Amino acid sequence: MLEVCDLRAGYGRMEVLHGVSVSAVSGRPTVVMGANGVGKTTLCRAITGLIPLRSGAILLDGEDISRCDPAERVRRGVALVPEGRQVFPEMTVRENLRLGAYVHGEPTAAQFDDVAELFPILAERQGQMAGLLSGGEQQMLALARALMARPRVLLLDEPSQGLAPKAVAQVGQAVTRIASRGVAVLLVEQNLTLAEMIARHAVVLESGAVAAEGPADELLSSGAVEASYLGH
Amino acid sequence: MIDLFVQQLVNGLALGSTYALVALGLTLIFGVLLIPNFAHGEFYMLGAFLTYAMVLAGMNFWLAMALAVGAVILLGCLVDRLAFKPVEQAPPLSMMISALAASIILQQSAMLIWGGEARTIPAPVTGVLRTPFFIVTWMQLIVMASLLLAAAGVWLVLNRLRLGLAIRAVAQNRDAALLMGISMFQVRLATFAIGAALGAIAGALLGATFPIYPTMGVNPVLKAFVVLVLGGIGSLPGAVFGGLFLGVVEVMVAGYISSELSDIGAFAILVAVLLLRPQGFFGQAQVER
Amino acid sequence: MKPFSGIGAACALAMLATPLWADEIVVGDLHPITGPANFYGLPESRAIQLAVEEINAAGGLSVGGESHTFRIQTEDTQANPTVGVSALKKLVSSDVRFVIGPLSSGVGPALFPIIDRSDAITQIIDGTIAEGVTNGRNIFRNQATVSQYDVSVVALFKAKGYGSVTMMTDRFHAGFVGTQPALAASLKELGAEIAGEEGYKLGDTDFSATLTRVASRNPDVLLIRGYPAEGALITKQARQLGFEGQVVWEMVSPPSTVLKNISAAEMEGVYNCIPATTEDYIALGNEKAIALEEAYRARFNEPAGELSVLSYDAVHILKAAIEKAGSLENAAVNAALADLTVEEVPQLISDYVPGEGGQLFDDKGQVTLRSAVSVWQGEGWHPATDVIR
Ligand SMILES: Nc1ncnc2c1ncn2[C@@H]1O[C@H](COP(=O)(O)OP(=O)(O)O)[C@@H](O)[C@H]1O
Ligand SMILES: [Mg+2]
């Protein structure tokens with residue numbers, strides 16, 4: 001399980017997160033909600049090591065990984081499906097998947113089979129350039145790519161962004177299946193539908209800090225989230 | 001007149017190969033790391049001078065070239081550590097200034113060691129190939145062949161090695177590459193090593209054809225930047241075809257219009273190409289990042 | 001950019017700090033000590049040093065009964081006009097009133113307007129061949145002009161009766177570009193067809209397009225006017241592209257520089273049309289040239305440069321003029337220079353053609369050097385005695 005304790009992070013002189021604590025536990029998919037610009041992406045970047053922490057700790061099964069470089073965090077089992085998908089556009093689907101497994105060497109045939117089973121469309125298109133896929137397909141690819149790293153904790157940064165409802169539902173199903181295998185899921189979302197579909201636990205961020213927290217079914221229907229989006 | 005045309009075409013391809021050979025390393029470093037490596041001209045220059053020094057000391061040309069390439073690879077990695085890595089987070093302008101500084105420091109060091117006088121490396125292969133249609137020196141053929149070998153070599157590294165996969169990933173999306181657990185340290189090192197090696201190979205070979213002097217890299221790098229834009233930024237086939245195209249255009253302008261106009265002609269063509277195809281011959285239309 | 005300018009400035013400061021001895025005459029030595037033309041400039045500066053040491057050792061100069069010695073203040077022009085002008089300013093601000101130099105057709109014309117307006121500087125040019133940089137009042141030159149180089153070219157064409165020529169000229173060399181129309185006219189008069197006039201620039205490396213055209217027209221002569229690195233490259237590439245005619249150079253070109261860019265075999269038989277250089281005088285058995293060469297070798301452990309004799313001559317010309325004037329005033333020395341005859345300076349090495357009254361300089365302050373043609377044989381230039389004695 002992943003525990004983020006009292007994390008502070010930001011850019012330059014600006015601190016965005018002022019002591020945030022969240023956790024992702026296997027069997028309890030968690031969603032982090034919050035208005036645009038509140039620092040959700042910043043949180044994902046800090047957890048994966050793309051930006052440094054200013055203080056706090058990131059514990060993976062009790063071990064502090066906040067000093068590790070991004071590669072080491074991936075190796076230990078933290079994978080991110082980044083905001084905006086960020087597939088490698090001029091590489092084939094297969095190459096994107098190989099890169100997902102980069103820290104462990106080349107992926108096994110079983111891993112490819114697993115992806116093919118979860119996302120049949122990717123298996124069909126494995127020779128195609130990722131940049132030519134549709135938005136939904138790219139999102140599947142980003143998800144599959146993260147899976148190739150054999151994560152213990154899977155972070156997803158607004159996977160519903162820019163997707164048609166049907167594609168959102170597909171992503172939701174896939175994530176639920178992944179979660180059911182024992183992967184701890186931490187979803188960052190603004191889309192209530194997807195959040196409700198996946199999460200058992202919810203956290204609301206406001207002004208760079210946790211404003212509310214509780215079981216997803218209660219919190220998401222309580223209006224606390226809408227209130228936070230409207231900024232009061 | 002027809003055979004004159006064939007001869008001019010061969011002249012152009014020979015000249016273009018030299019441009020392309022220099023542009024390859026530049027486009028690689030720029031494409032992967034977004035570093036406008038002005039010091040590439042000095043990798044080129046040092047490749048030439050180191051080869052020259054060893055050949056003069058009695059060493060076989062090809063051995064000297066191999067050692068020079070090795071030395072320039074080390075230097076390339078050092079330049080990255082000292083000049084570019086420290087300004088990684090700084091605005092692009094700092095990168096430009098750092099690149100210029102590296103370039104000037106290397107030039108001046110060479111000036112102190114070898115002086116400013118022009119000289120030529122004794123060519124390993126002399127003589128010319130005379131065909132009924134054109135004449136070409138063996139050295140020019142070697143340069144053209146080296147261009148093809150170098151381009152093929154780089155292609156193989158990028159497309160057949162795991163390291164190449166990582167390098168391409170960084171070129172396409174640095175953050176996503178980091179998320180894959182790719183070590184930037186390795187990629188930078190490899191990119192600079194390959195880039196510097198390409199520069200040094202170009203320098204050693206062209207130093208056996210053209211005079212070498214400490215500022216010899218300045219012009220080729222300017223031309224290589226033109227090739228970069230012509231061919232499409234970061235595109236290896238673009239560097240090869242852009243270089244050949246530029247060479248042929250320059251020679252045709254000099255050969256059929258006027259030797260005074262060859263530079264102007266080349267830049268006019270550049271502007272024309274960019275008006276018609278802003279992303280260059282092989283560039284992708286800018287993908288949103 | 002300028003590796004030595006810091007050191008140069010430090011030296012200049014050090015010199016400013018030392019008191020100027022009343023009996024010391026400071027000679028400003030203005031040459032490219034570093035930079036791309038230092039293979040011309042350094043041997044000039046060193047020849048000045050040798051001449052000054054020789055004169056001082058022999059008791060210096062006697063000016064109006066008092067004895068004086070020379071002291072040198074060297075400033076580096078790097079063959080760059082901007083650097084050259086600031087080097088001159090350094091000399092002026094150190095109150096140096098006699099200047100020998102500079103080299104290079106970029107620097108000479110840049111200094112001319114400054115010195116032309118000054119009545120506190122006397123200049124003897126021992127390097128640049130650019131036209132219009134002397135005035136016969138306070139600026140003199142013991143080097144040839146481009147037109148005098150051209151005289152040698154014309155002499156060669158007259159002797160050989162060539163039927164056609166293509167000229168390839170460094171189009172940023174103001175001297176060569178300026179005299180090209182006149183030269184073309186003279187050659188036409190001799191019956192040579194001008195098959196083409198091509199341009200290139202310093203630092204160009206690929207001449208194949210132009211040379212393909214030249215080779216296809218196949219003129220009797222390819223005349224190259226510029227600097228030796230490009231000269232060597234053009235010669236090499238012309239041969240490779242099948243040009244079989246005579247290659248003629250018109251440039252001061254030290255064999256050491258030439259051989260760094262082309263093999264001796266490829267140079268064999270190339271003519272060079274310039275007044276005699278240090279090497280030529282040595283080859284012709286000129287004893288003063290041989291003595292200078294020996295002193296130079298003993299001191300610097302390498303042979304003297306092409307232009308060393310001119311710099312050596314310039315110091316002796318200055319000495320003779322000062323002694324003749326009997327004064328250190330610029331005006332008096334200028335007048336003495338204008339009047340000086342070749343006979344009054346017995347130490348001169350180069351072969352100057354005296355004017356009507358035996359004068360060294362004409363009314364423009366210009367000497368006439370005997371024209372000469374050399375030919376490349378083996379490892380270097382040799383007087384082409386078959387063309388001109
Ligand atoms: N690279 C950056 N440099 C500076 N400020 C940034 C950067 N990225 C995001 N920010 C700022 O940090 C704050 C949080 O951004 P982000 O984490 O992207 O928000 P969210 O993902 O919740 O929409 C915003 O105010 C944003 O403007
Ligand atoms: Mg975001």
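This is a predicted model, so every value here is computed, not measured.

This part is about the UniProt feature "transmembrane region" (unreviewed entry) in chain B. All names here are of chain B. In this numbering, the UniProt entry assigns the feature "transmembrane region" (unreviewed entry) to residues 12-35, 65-84, 96-115, 135-158, 189-213, 225-249 and 261-282. Between the end C-alpha atoms of residues 12-35 there is a gap of 29 Å, over a span that is 92% helix and 0% strand. Split by type, residues 135-158 is 88% helix and 12% strand. Its first and last C-alpha atoms lie 35 Å apart.

All names here are of chain C. Neither face of strand β10 (residues 246-249) is left uncovered, since the one carrying Q246 and V248 and the one carrying V247 and W249 both have all their residues buried. In this structure, strand β9 (residues 221-225) lies alongside β10, joined through four bridges in parallel fashion. Pairing of L223 across the sheet is with V248, part of β10. You can see the chain leave β9, run along helix α8 (residues 228-240) and come back into β10, and the turn it takes is right-handed. Bridge count between β10 and strand β11 (residues 271-272): two bridges; the pairing is parallel. Following the sheet pairing, V248 is matched in β11 by Y271.

Right, let's talk about helix α7 (residues 165-180) of chain A for a bit. Residue and element names in this part refer to chain A. Relative to the 22 Å expected for 16 residues at 1.5 Å per residue, α7 spans 22 Å between its end C-alpha atoms, a close match to the ideal helical length. Within α7, the full set of buried residues consists of A167, V168, V171, G172, A174, V175, I178 and A179. Buried residues along α7 sit in contact with α4 (109-118), α6 (135-148), β7 (153-157), β8 (184-189) and α8 (192-198). Note on α7: the residue one or two positions beyond its end, G182, has a positive phi of about 100°.

Attention now moves to the coordination of the magnesium ion (ligand 2). Four donors placed tetrahedrally around a metal ideally meet at 109.5 degrees, and six donors placed octahedrally ideally meet at 90 or 180 degrees. Residues and elements named next belong to chain A. For the magnesium ion (ligand 2), the full set of protein donor atoms is T41 (OG1) and E83 (OE), at a range of 2.0 to 2.5 Å. Note that T41 is positioned in helix α1 (residues 40-48) and E83 in the loop between β6 (78-81) and α3 (93-100), a separation of 42 residues in sequence. Its relative accessible area of 22% is what places T41 among the partly exposed residues. According to the relative accessible area criterion, E83 is partly exposed, its value standing at 27%.

Definitions and limits used
- The numbers attached to residues start from 1 for each chain and follow its sequence in the written order.
- A letter from A marks each chain and a number from 1 marks each ligand, given out in the order of writing.
- The predicted origin of the model limits local features to residues at a pLDDT of at least 70 and limits the giving and counting of side-chain atom pairs to 80 or more, whereas totals for whole chains, interfaces and linings rest on all residues.
- Think of the side-chain values as coming from all heavy atoms in the structure, minus any hydrogens and water.
- UniProt positions are given in the numbering used here, feature names are shortened, and annotations may be inferred rather than shown by experiment.
- Runs of H or I in DSSP of at least four residues are treated as helices and runs of E of at least two as strands, each being numbered from the N terminus.
- Residue burial is assigned from relative accessible area. The probe radius is 1.4 Å, only protein chains are included, and a residue is buried under 20% of its type maximum, exposed over 50%, and partly exposed in between.
- Think of it this way: DSSP has to see at least two bridges between two strands before they count as a pair.
- Orient the strands so they point away from the viewer; a crossover is then right-handed if the path from the first strand over the helix to the second runs clockwise.
- Here a helix's expected span is defined as the number of its residues, less one, multiplied by 1.5 Å.
- Throughout, a contact is declared for two residues whenever any of their heavy atoms are within 4.5 Å.
- For Na, K and Ca the donor cut-off is 3.2 Å, while for other metals it is 2.8 Å, and in both cases only N, O and S atoms qualify; water is not among them, so sites may look incomplete.

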